[in-house]
Amino acid sequence: MKENKHRVYAQLHLIIKSTRSSLKLYECPSSAFFIMGTPRPPRGKLPLSVILVLVCGLAFFALLYTEISSFSSKFRFKPCAKRKAAKKPVSGGTNVQASAFNYAADDRFEFDPEECSLVDGKWIFNSSIKPLYSDRTCPYLDRQVSCVKNGRLDSEYMHWEWQPDDCFLPRFNPEIALRKLQGKRLMFIGDSLQRGQWQSFVCLVESVIPEGKKSIKRGRVHTVFRAKEYNATIEFYWAPFLVESNTDLHIITDPKKRILRVDSVEKHAQNWIGVDILVFNTYVWWMSGLRINSLWGSFANGEEGYEELDASVSYRIGLKTWANWVDSNIDPNKTRVFFTTMSPTHQRSADWGHEEGIKCFNETKPVMKKRHWGTGSDKQIMGVVKGVIHRMKTPVILLNITQLSEYRIDAHSSIHTESGGRLLTDDEKADPLHHADCIHWCLPGVPDTWNQIFYSHL
């Protein structure tokens, strides 16, 4: 404030000085006013009242300008301060595509969830980066995502890192992550893609936990990994629609026979009470057809009461049911709530310009076209998620992983997976059109980046 006052006084002094100078014109010889025949005004000084009005008016505008400038500077330059404070992240190696990268000239700032957009960025290849685990060292991975074990020979898909345009995304540190979870329950809730994110998180931290101080209890619906030394649990709860359905336990493969209770979430939600950190997702199961059988009321009333609704309409009703439960039952002072946005599917190679390709089969590099968006990500559904969460009274942190995952056509399980509880046969591998899995992701892989973003919020 002192600097502002000094600046105002200095400006006021200049104004008075310049005003006095201009007034001397009235005392100049008459020739000073004989321009182009203009008659000379009468000699003498301006009245004192006029001078005071002029000076005070100019002083007021000078003060106003200074205060506006001061106010603007308090807010406009906040990100710049962060950029100055940004430090070179520990990368563990040199970027092979940008070996001449100059961190000193980089104006990205340290990660701040309120200022940094993780949607805008690019995948950078770095061969020196090694994943914190492998499908041979982590015993908690399903065969569905254990691509190397299942015969995948290329490994480049493990060495791409997401680089936001605005900020540095911090590396995942297992020790810090576990300290953040000290004495807490973390639960991932949703479908098989959410189970992949859960497996990724467990594998990212389990290697720093001594043998005998970690355990896992598996269940059909609820699985719990325990880090005893930290008195923490990392859990997964199976609820592919979040709301109740007739295909929650006994999977119905024919989408036309699936029925959703879009107004009921209590059966699942009673298992979410008392959890410190909840991470939800639901998307791909809703995309099995254009219309979904949606039921109000109990299954005990029979299946005659369902209606066929457009998938996006049914999704909106189901998500509102979930949101209402969260708002009615979650105390934001005790529980943090996250929602992972939709994971893209890459079923149509024409989306990224490979007209002769077969889905994601044999893809080895990400899409480099900025803002690529394929048919496997439904923007209408994305809008539903944002709209419902925006209207909730409980704060929900959106883990927006959709755009960055859209580029990664190279990182799916493809033919290096299982189906129906068994690995693909050689004949099935030779028929990627019908058997390549372009929904789920190899681990280690893209879900590790999702957890890197989640870790940044912790």
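Because the structure is predicted, anything quoted here is derived from the model rather than measured.

Novice: With reference to specific residues and values, describe the sheet that holds strand β9 (residues 244-245).
Specialist: One open sheet holds the four strands; their spatial order is β9-β10-β12-β13, and the pairing between them is mixed. The sheet is open, and its two borders are formed by β9 and β13 (307-310), each paired with just one other strand. The pairing of strand β12 (residues 291-295) with β13 spans four bridges and is classified as antiparallel. Its bridge partner lying in β13, Asn293 is registered against Glu308. Strand contacts of helix α7 (residues 311-329): β12 and β13, with the helix running at about 100° to β13, the strand carrying the most contacts.

Novice: Which residues make up empty space enclosed by the protein, and what are the values?
Specialist: This structure, assessed with the given rule, holds two cavities of 30 Å³ or more. There is about 80 Å³ of room inside the largest cavity. Looking at the largest cavity, the residues that line it are Asp142, Gln144, Val145, Ser192, Leu193, Arg195, Gly196, Gln199, His440, Trp441, Pro447 and Trp450. If you list the elements that add at least two residues to the lining of the largest cavity, you get α5 (192-206), β19 (437-441) and α12 (446-457). When its residues are assigned to classes, the lining of the largest cavity shows five nonpolar, five polar and two charged.

Novice: If you had to explain the confidence of the model for the chain to someone new, which residues and values would you point to?
Specialist: For the chain, per-residue confidence averages 83 on the pLDDT scale, and residues scoring 70 or more make up 75% of the total. pLDDT under 50 marks residues 19-44. Its contacts with residues more than four places away, or in other chains, come to 18 contacts.

Novice: Explain the state of the cysteines to me, and be specific about the residues and the numbers.
Specialist: This structure, assessed with the given rule, holds four disulfides. Through a disulfide, Cys116 is tied to Cys167; the S-S separation comes to 1.9 Å. In this structure, the disulfide formed by Cys116 and Cys167 twists by about -65° around the S-S bond and is classed as left-handed. Of this pair, Cys116 sits in the loop between β1 (109-110) and β2 (121-125) while Cys167 sits in strand β4 (residues 167-168), and the two are 51 residues apart along the sequence. There is a disulfide in this structure between Cys360 and Cys438, and the S-S distance comes to 2.1 Å. Judged by the sign of its S-S torsion, about -90°, the bond between Cys360 and Cys438 is left-handed. One end of the pair, Cys360, is in the loop between β14 (336-340) and α8 (379-390); the other, Cys438, is in strand β19, with 78 residues separating them in the sequence.

Calculation rules
Note that residues are indexed from 1 along each chain, following the sequence as it is written. Predicted model: local features are reported for residues with pLDDT of at least 70 only, side-chain atom pairs are reported and counted for 80 or more only, and whole-chain, interface and lining totals are derived from all residues. Only hydrogens and water are set aside; all other atoms, that is, all heavy atoms of the structure, feed into the side-chain values. Only strands joined by at least two bridges in the DSSP assignment are considered to pair. Every helix listed is a DSSP run of H or I at least four residues long, and every strand listed is a run of E at least two residues long, numbered separately from the N terminus. Residue contacts are counted whenever heavy atoms from the two residues lie within 4.5 Å of one another. Inter-axis angles, ranging from 0 to 180 degrees, are taken between N-to-C directions of lines fitted to C-alpha atoms, where helices are fitted over the stretch in contact. Method remark: on a 1 Å grid restricted to protein atoms, a set of points is classed as a cavity if a 1.4 Å probe fits but cannot get out and as a pocket if it is open with protein on both sides within 12 Å along at least five of seven lines; lining residues have an atom within 4 Å of a point. Grid points are joined across faces, edges and corners, and a volume is the space filled by probe spheres set on the points. Basically, the charged four are Asp, Glu, Lys and Arg, the nonpolar ten are Ala, Val, Leu, Ile, Met, Phe, Trp, Tyr, Cys and Pro, and anything else, Gly included, counts as polar. Confidence scores per residue from the predictor, reported as pLDDT, run from 0 to 100. The rule for a disulfide is simple: a pair of cysteine sulfur atoms within 2.5 Å.

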